[in-house]
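Fold and contact review
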Amino acid sequence: MSPLDRIASVSILKQHEVDKLYKVDTRPAPSSSDQFCFLVRPRLRTMRHIADIVNADKMSGRSRKYKIIFSPQKFYACEMVLEEEGVFGDVTCDEWSFYLLPLDEDIISMELPEFFRDYFLEGDHRWINTIARALQLLNSLYGPFGRAYGIGRCAKMSYELWRDLEEESEGDGQGRTPEIGNVFLMDRDMDYVTALCSQVVYEGLVDDTFRIKCGSVDFGPDVTSSDKSIKVLLNAQDKVFSQIRNEHFSSVFGFLSQKSRNLQAQYDRRRGMDIKQMKNFVSQELKGLKQEHRLLSLHIGACESIMKKKTKQDFQEMIKAEHSLLDGFDIRESTSFIEEHINRQVSPIESLRLMCLLSITENGLVPKDYRSLKTQYLQSYGPEHLLTFHNLKRMGLLTEQAAGETLTAVESRVSKLVTDRAAGKITDAFNSLAKKSNFRAISKKLGLIPRVDGEYDLKIPHDMAYVFSGAYIPLSCKIIEQVLERRGWQGLEEVVRLLNGNEFSVSDSAGEDNPAGDAQRVILAVFLGGCTFSEIAALRFLGKERGFKFIFLTTAITNSARMLEAMIEAKA
């Protein structure tokens with residue numbers, strides 16, 4: 001499903017005189033219409049496709065009108081491409097400022113999956129203006145926000161640009177009663193580990209297995225038990241899904257079987273009814289029960305399909321290896337598991353994911369291991385992945401230890417010669433050069449690995465670690481929890497230093513002076529570079545425990561596969 005499908009169906013577009021819909025492609029659209037309207041993201045590749053279509057029409061002597069609508073905004077580079085291709089004079093351009101797509105009651109997506117690669121790999125800052133304008137829109141509708149917190153370079157730039165836009169527009173949200181008390185901006189590169197871990201909450205597993213697109217999923221014949229595929233919207237309106245979405249997968253089957261028994265009991269009630277009661281039952285309850293029954297059978301089918309796929313992939317062994325990496329135990333054994341995974345050619349993405357997890361948790365791979373794993377991977381999946389390794393290294397996702405160790409040695413020598421404060425600044429500079437993850441030190445400082453006596457209770461969890469089977473509390477969520485608890489970064493200076501800084505905490509006097517009680521409990525969590533369903537589930541749990549209500553704004557919903565696919569140059 002595309003963002004347009006969520007707003008206007010084909011039938012609505014046809015009512016507004018849209019003749020046919022085509023995907024923008026290099027091939028000319030086989031249409032006799034004398035007007036073409038292109039609704040596109042501002043991508044250079046798309047501009048070349050449009051130019052090819054216009055030039056093909058010119059060659060064949062066709063005369064049409066062409067209109068390009070850029071969403072969410074038009075970029076100068078796109079106009080340059082059209083000019084280079086010689087079609088700029090043949091098209092008219094417009095903008096559709098469509099920044100926010102509500103996927104659910106508490107999830108808003110900007111549907112910009114390309115943001116992650118563009119900003120974090122290519123260093124392209126053009127989307128920062130889009131984020132600032134989205135924040136400005138939310139602030140005008142629900143603001144002013146009382147306090148703003150954030151960490152990460154992109155978060156800081158987006159916040160500063162948003163404040164500049166607010167000053168220019170003289171604050172549309174001023175004077176209204178605030179509905180959102182706090183906003184928290186976070187860059188994805190603050191926490192790659194959470195995004196790389198296998199998801200085990202139901203919604204995360206559905207996303208990993210079937211790919212949720214724009215809040216909708218395609219369930220194939222293996223789920224529907226028929227020869228048809230069904231498109232299902234997954235949101236709070238789905239009574240079955242809303243009760244299991246945040247649950248650990250081990251609790252879901254029990255819930256679904258109990259639900260089916262309750263449903264059967266409600267159906268059985270009709271046996272002793274008289275005509276009047278039966279009439280009421282049919283008119284008031286039957287439709288709802290049938291809908292619930294249909295959804296229940298779909299989710300049971302989805303669970304069975306997930307179980308089959310995960311059993312084939314040695315899911316339990318993989319989870320065990322991941323937990324060892326997060327804990328820092330049996331690293332040699334985990335490395336052997338990754339080697340075996342590569343050599344069996346299970347999945348190029350999964351192999352990369354495990355390698356990246358090993359690298360980040362160990363602050364880089366030992367040169368011998370790095371060379372060995374890289375060689376085995378290229379032999380198994382093809383030499384075209386050399387570019388992928390280059391990208392992963394640039395991002396700090398898969399690195400060698402050598403450079404980091406050298407820098408650490410230099411760092412320690414320098415720190416003996418200068419004051420502690422200056423040494424801290426030099427260390428920060430070295431850290432940013434080395435792209436070190438410092439995961440172990442951060443994990444220790446924040447207590448990300450829970451120590452539990454006996455078995456962790458996944459049915460009645462006591463902390464956010466349940467989203468990873470009790471093995472790990474998501475770093476991104478722990479940072480948000482700590483900052484909200486302390487109302488700032490005080491006491492987290494060491495954590496901030498290990499994360500390479502760029503933190504901020506700003507109070508808006510207008511929002512702070514009028515604390516509208518409930519508004520102070522509402523937090524807008526903004527993830528720049530993508531947010532996983534595991535993080536959403538963890539923060540929903542935190543909200544329930546602490547009396548907060550989280551609203552999520554993300555550039556796109558992500559998971560380990562999407563994140564790594566963005567790094568791959570040659571599609572595996």
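Since this is a predicted model, take the numbers as computed values, not measurements. (Residues numbered from 1 in each chain as written. Predicted model: local features only at pLDDT ≥ 70, side-chain atom pairs only at ≥ 80, totals over all residues. Heavy atoms only, no water.)

**What to know about the overall build of the chain**
Threshold: We count a stretch as a helix when DSSP gives it H or I for four or more residues in a row; a strand needs E for two or more, and each element gets its number in order from the N terminus. Whether a residue is buried, partly exposed or exposed follows from its accessible area with a 1.4 Å probe, protein chains only, as a fraction of its type maximum: under 20%, in between, or over 50%, in that order. Residue contacts are counted whenever heavy atoms from the two residues lie within 4.5 Å of one another. Only the protein chains shown count as covering a residue, and every accessible area follows the Shrake-Rupley method with a 1.4 Å probe.
Along its length, the chain carries 26 helices and 12 strands. Here the chain, with 572 residues, has 53% of them falling under the buried criterion. Sequence-distant contacts, at least 24 apart, represent 75% of the contacts inside the chain between residues at least 6 apart. Approximately 27300 Å² of the chain is accessible, and the part contributed by carbon and sulfur atoms is 51%.

**Considerations on unusual backbone geometry**
A cis amide bond links Ser-71 with the next residue in sequence, Pro-72, at an omega value of 5°. Mapped onto the elements of the fold, Pro-72 is located in the loop between strand E2 (65-70) and helix H4 (76-84). Even without being glycine, Ser-469 reaches a positive phi, approximately 60°. Inspection of the secondary structure assignment puts Ser-469 in the loop between helix H21 (439-446) and helix H22 (475-486). Its identity is not glycine, yet Asn-500 carries a phi of approximately 70°, on the positive side. Given the relative accessible area of 29%, Asn-500 is considered partly exposed.

**What to know about the sheet that holds strand E6 (residues 147-151)**
The condition is simple: Strands pair, by our definition, only if DSSP identifies at least two bridges between them. In this description, a line fitted to the C-alpha atoms serves as the axis of each element, helices being fitted only across the stretch in contact, and the angle between N-to-C directions of two axes falls anywhere from 0 to 180 degrees.
Read from one edge of the open sheet, 7 strands run E4-E5-E12-E11-E7-E6-E10, paired in mixed fashion. Edge positions in the sheet fall to strand E4 (101-102) and strand E10 (503-507), since each of these pairs with one other strand and no more. The sheet contact formed by strand E5 (residues 107-109) and strand E12 (residues 549-554) spans 3 bridges and is parallel. Within E12, the position partnered with Ile-107 by the bridge is Phe-552. This element, helix H6 (residues 128-142), spans E5, strand E7 (182-187), strand E11 (522-528) and E12 of the sheet and lies at about 165° to E11. Running at roughly 145° to E7, H22 makes contact with E6, E7, E11 and E12 of the sheet.

**Notes on a nonpolar patch on the surface**
The criterion, for reference: Any residue with relative accessible area above 30% and no salt bridge may belong to a patch, with like charges joined within 9 Å and the nonpolar Val, Leu, Ile, Met, Phe, Trp and Tyr side chains within 5 Å. Salt bridges are defined as contacts in which a side-chain nitrogen from Lys or Arg sits within 4 Å of a carboxyl oxygen from Asp or Glu.
Residues Ile-7, Leu-39 and Trp-96 make up a contiguous nonpolar surface patch of about 250 Å² in total accessible area. Relative to the assigned elements, Leu-39 resides in strand E1 (residues 35-40).

**Here we look at the packing of helix H16 (residues 348-361) against helix H17 (residues 367-381)**
Note the following rule: Throughout this description, any angle smaller than 35 degrees is read as roughly parallel, any larger than 145 degrees as roughly antiparallel, any in the 65 to 115 degree range as roughly perpendicular, and the remainder as oblique. All amino acids are sorted into three groups, where Ala, Val, Leu, Ile, Met, Phe, Trp, Tyr, Cys and Pro are nonpolar, Asp, Glu, Lys and Arg are charged, and the leftover types, Gly among them, are polar.
Contact geometry for H16 and H17: axes closest at 11 Å, N-to-C directions at 170°. The pairing of H16 with H17 is recorded here as roughly antiparallel in orientation. Residue-level contacts link Pro-348, Ile-349, Ser-351, Leu-352, Met-355 and Leu-358 of H16 to Leu-373, Lys-374, Tyr-377 and Tyr-381 of H17. Of the residues in the contact of H16 with H17, the class split is 8 nonpolar, 1 polar and 1 charged.

**Thoughts on the packing of H22 against helix H25 (residues 533-546)**
Selection criterion: Each crossing gets its handedness from the near helix: less than a right angle anticlockwise from the far helix is left-handed, clockwise is right-handed.
Relative to each other, H22 and H25 sit at 30°, their axes nearing to 9 Å. In terms of axis orientation, H22 runs roughly parallel to H25. Between H22 and H25 lies a crossing whose hand is right-handed. Touching Ser-476, Cys-477, Ile-480, Glu-481 and Glu-485 of H22 are Glu-535, Ala-538, Leu-539, Leu-542 and Arg-546, all from H25. Tallied by class, the residues present in the contact of H22 with H25 amount to 5 nonpolar, 1 polar and 4 charged.

**Some thoughts on empty space enclosed by the protein**
Any space left empty among the atoms is revealed by the rolling of a water-sized probe across them. Convention followed: In this analysis the probe radius is 1.4 Å and the grid spacing 1 Å, with only protein atoms considered; a cavity is a set of points the probe fits into but cannot get out of, a pocket is an open set with protein on both sides within 12 Å along at least five of seven lines, and lining residues have an atom within 4 Å of a point. Grid points are joined across faces, edges and corners, and a volume is the space filled by probe spheres set on the points.
Applying the stated rule across the entire model yields 2 cavities of 30 Å³ or more. The computed volume of the largest cavity comes to approximately 50 Å³. Every residue along the wall of the largest cavity is listed here: Phe-145, Gly-146, Arg-147, Ala-148, Tyr-159, Trp-162, Arg-163, Val-506, Ser-507 and Asp-508. Among the secondary structure elements, those contributing two or more residues to the lining of the largest cavity are E6, helix H7 (153-169) and E10. Counting residues per element, the lining of the largest cavity draws most heavily on H7, at 3 residues. Estimated volume of the second largest cavity: approximately 40 Å³. Looking at side-chain class alone, the lining of the second largest cavity contains 5 nonpolar, 2 polar and 1 charged residues.

**What about the pattern of salt bridges?**
In the structure shown here, the tally under the stated rule is 30 salt bridges. Across the pair Arg-64 and Asp-57 runs a salt bridge, and its minimum N-O distance is 2.7 Å. By relative accessible area, Arg-64 is classed as buried at 12%. For Asp-94, the salt bridge identified is with Lys-67, shortest N-O distance 3.7 Å. Of this pair, Asp-94 sits in strand E3 (residues 91-95) while Lys-67 sits in strand E2; the two residues are 27 residues apart in sequence, bridging distant segments of the chain. Among the charged side chains, a salt-bridge network with shared partners connects Asp-104, Asp-106, Glu-203, Arg-245 and Arg-540.

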